[in-house]
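Now for the letters of each chain:
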Amino acid sequence: LIAPSSSIVAQADMIYEHRTYLPMVCAVMAMGFLLTRIPRNKLAVELFVLVPVMLAGTISRNADWYDEKTFWTDVAAKSPHKGRSWQGLAGAYADDPQKAREYLARGLAVDPANAELHTNYGIALLASDRPAEALAHFERASALTGETADRWNNIGGAYFRMNNINGATASFERALKIEPCSFNARRNLMMVYSNRQDVHGVWKAGEVPSTCAMIPSQSSELEVLRRRAGQP
């Protein structure tokens, strides 16, 4: 039962506990038959030793699963050479920006070709008012995976925080060219035009293609930006 995902289709993780649950059924049944062959007095002694050991192991493992922070701390300790470990730990410490940045940096140190790590580190840098550094990581993420609307939207955000309005405008427009239904890029482009006091630009950027399906709150937000800009 476990052979295909442990040999033919190799997994990236050394341990993936829930994958063993179904294959253990046969092993547990075999163990039951073996236990019937052991004399009762010997079995009692073995269980007297085994049960406390298993109980201690369960308590120890439950401590690792206490919350998201303890879980990812355990993962990072056991798999320190995987960027995903540090990314998970950074996510668990979203309430502590400094630690989150530290863990993302450690992830990039072991996995510099991880586009998601570059993106999240860039977002963390942007939140700490370091847009120039964030831009470099957003551009690196785009180079690793290719252009996407989200990548250009992030780049545009960094440019905007650097007061490079032309760069921000071009980036958001590029995002919409790739994905016309990108709400974030459209909203941000409207805000840039509003910042430039370009009413026509705001209204044009707010023209959502008929093929795009937006939720009511998104449509309302775009309409509010239009009204604030005034009539062209």
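Each value, and the rule that gives it
Residues numbered from 1 in each chain as written. Predicted model: local features only at pLDDT ≥ 70, side-chain atom pairs only at ≥ 80, totals over all residues. Heavy atoms only, no water. Helix = DSSP H or I, 4+ residues; strand = E, 2+ residues; numbered from the N terminus. Rg over C-alpha atoms; globule rule 2.2 N^0.38 Å. Phe/Tyr/Trp six-rings, centres within 6.5 Å; stacked < 30°, edge-to-face > 60°. Buried < 20%, exposed > 50% of the residue type's maximum accessible area, 1.4 Å probe, protein only. Salt bridge = Lys/Arg side-chain N within 4 Å of Asp/Glu carboxyl O. Contact = heavy atoms within 4.5 Å. Disulfide = S-S within 2.5 Å. Core = buried A, V, L, I, M, F, W, Y, C linked by side-chain atoms within 4.5 Å. Axes fitted to C-alpha atoms, helices over the stretch in contact; angles between N-to-C directions. Parallel < 35°, antiparallel > 145°, perpendicular 65-115°, else oblique. Nonpolar A, V, L, I, M, F, W, Y, C, P; charged D, E, K, R; others polar. Left-handed = near helix turned anticlockwise from the far one by under 90°.

## Digging into the overall build of the protein chain
Line of reasoning, step 1. Along its length, the protein chain carries 13 helices and zero strands.
Line of reasoning, step 2. Element order for the protein chain, N to C, with α for helix and β for strand: α-α-α-α-α-α-α-α-α-α-α-α-α.
Line of reasoning, step 3. In summary, the protein chain has a C-alpha radius of gyration of 26 Å against a globular reference of 17 Å for 232 residues, an excess of more than 25%.
Line of reasoning, step 4. Along the three orthogonal principal directions, the C-alpha set of the protein chain runs to about 90 × 35 × 35 Å.

## Points about the packing of aromatic side chains
Line of reasoning, step 1. Counted under the stated rule, the structure contains four aromatic pairs.
Line of reasoning, step 2. Residues W86 and Y103 carry aromatic rings whose centres are separated by 6.0 Å and whose planes lie at 25° to one another, so their mutual orientation is stacked. Of the two residues, W86 sits in helix α5 (residues 83-92) while Y103 sits in helix α6 (residues 97-110), which places them 17 residues apart along the sequence.
Line of reasoning, step 3. Residue classification places Y103 among the buried positions, given a relative accessible area of 12%.

## Topic: the pattern of salt bridges
Line of reasoning, step 1. Evaluation of the coordinates by the stated rule reveals eight salt bridges.
Line of reasoning, step 2. Of the charged contacts in the structure, one is a salt bridge between K69 and D95, with a shortest N-O distance of 3.3 Å. In this pair, K69 sits in helix α4 (residues 68-78) while D95 sits in the loop between α5 and α6, placing the two residues 26 residues apart along the sequence.
Line of reasoning, step 3. Among the residues examined, K69 registers a relative accessible area of 27% and is labelled partly exposed.
Line of reasoning, step 4. For E147, the salt bridge identified is with R174, shortest N-O distance 2.7 Å. Taken together, the positions of E147 in the loop between α8 (131-145) and α9 (149-161) and R174 in helix α10 (residues 165-178) put the pair 27 residues apart, joining distant regions of the chain.
Line of reasoning, step 5. On the basis of relative accessible area, E147 is assigned to the partly exposed category, the value being 42%.
Line of reasoning, step 6. Residues joined in a network through salt bridges with shared partners are R61, D64, D74 and K78.

## What to know about the side chain of D74
Line of reasoning, step 1. Tracing the backbone through its elements, the reader meets D74 in helix α4.
Line of reasoning, step 2. The contact partners of D74, leaving out residues within four places of it in the chain, are R61 and D64.

## Describing the state of the cysteines
Line of reasoning, step 1. Under the counting rule described, the total for this entry stands at one disulfide.
Line of reasoning, step 2. A sulfur-sulfur separation of 2.0 Å characterises the disulfide bridge that pairs C181 with C212. Where C181 bonds to C212 through sulfur, the torsion about that S-S bond is close to -85°, and the disulfide is left-handed. Separated by 31 residues along the polypeptide, C181 in the loop between α10 and α11 (183-195) and C212 in the loop between α12 (199-205) and α13 (216-229) bring together distant segments of the chain.
Line of reasoning, step 3. Overall, C181 belongs to the partly exposed group, its relative accessible area being 30%.

## Quick look at the nonpolar core
Line of reasoning, step 1. Counting 38 residues, the largest nonpolar core has L89, Y103, L104, F138, L189 and M190 as its most contacted members.
Line of reasoning, step 2. Examining the composition of this core, we find that six residues originate from one element, α11, more than from any other.
Line of reasoning, step 3. Here Y103 is in contact with W86, L89, A90 and Y93, once residues within four sequence places are set aside.

## Quick look at the packing of helix α3 (residues 40-64) against α4
When two helices pack together, you describe them by how their axes are tilted relative to each other and by the distance separating the axes.
Line of reasoning, step 1. Look at α3 against α4: their axes get within 7 Å of each other, and the N-to-C directions meet at 105°. In terms of their interaxial angle, α3 and α4 are classed as roughly perpendicular. Contacts between α3 and α4 involve R61, A63 and D64 from the first element and T70, F71, D74 and K78 from the second.
Line of reasoning, step 2. Considered class by class, the residues forming the contact of α3 with α4 number two nonpolar, one polar and four charged.

## Focus: the packing of α9 against α10
Line of reasoning, step 1. Where α9 meets α10, the closest approach of the two axes is 8 Å, and the angle between their N-to-C directions is 170°. Between α9 and α10, the interaxial angle falls into the category roughly antiparallel. Handedness of the crossing formed by α9 with α10: left-handed. Between α9 and α10, the residues in contact are A149, W152, N153, I155, G156, G157, Y159 and F160 and I165, G167, A168, S171, F172, R174, A175 and I178, respectively.
Line of reasoning, step 2. Grouping the amino acids of the contact of α9 with α10 by side-chain chemistry returns ten nonpolar, five polar and one charged.

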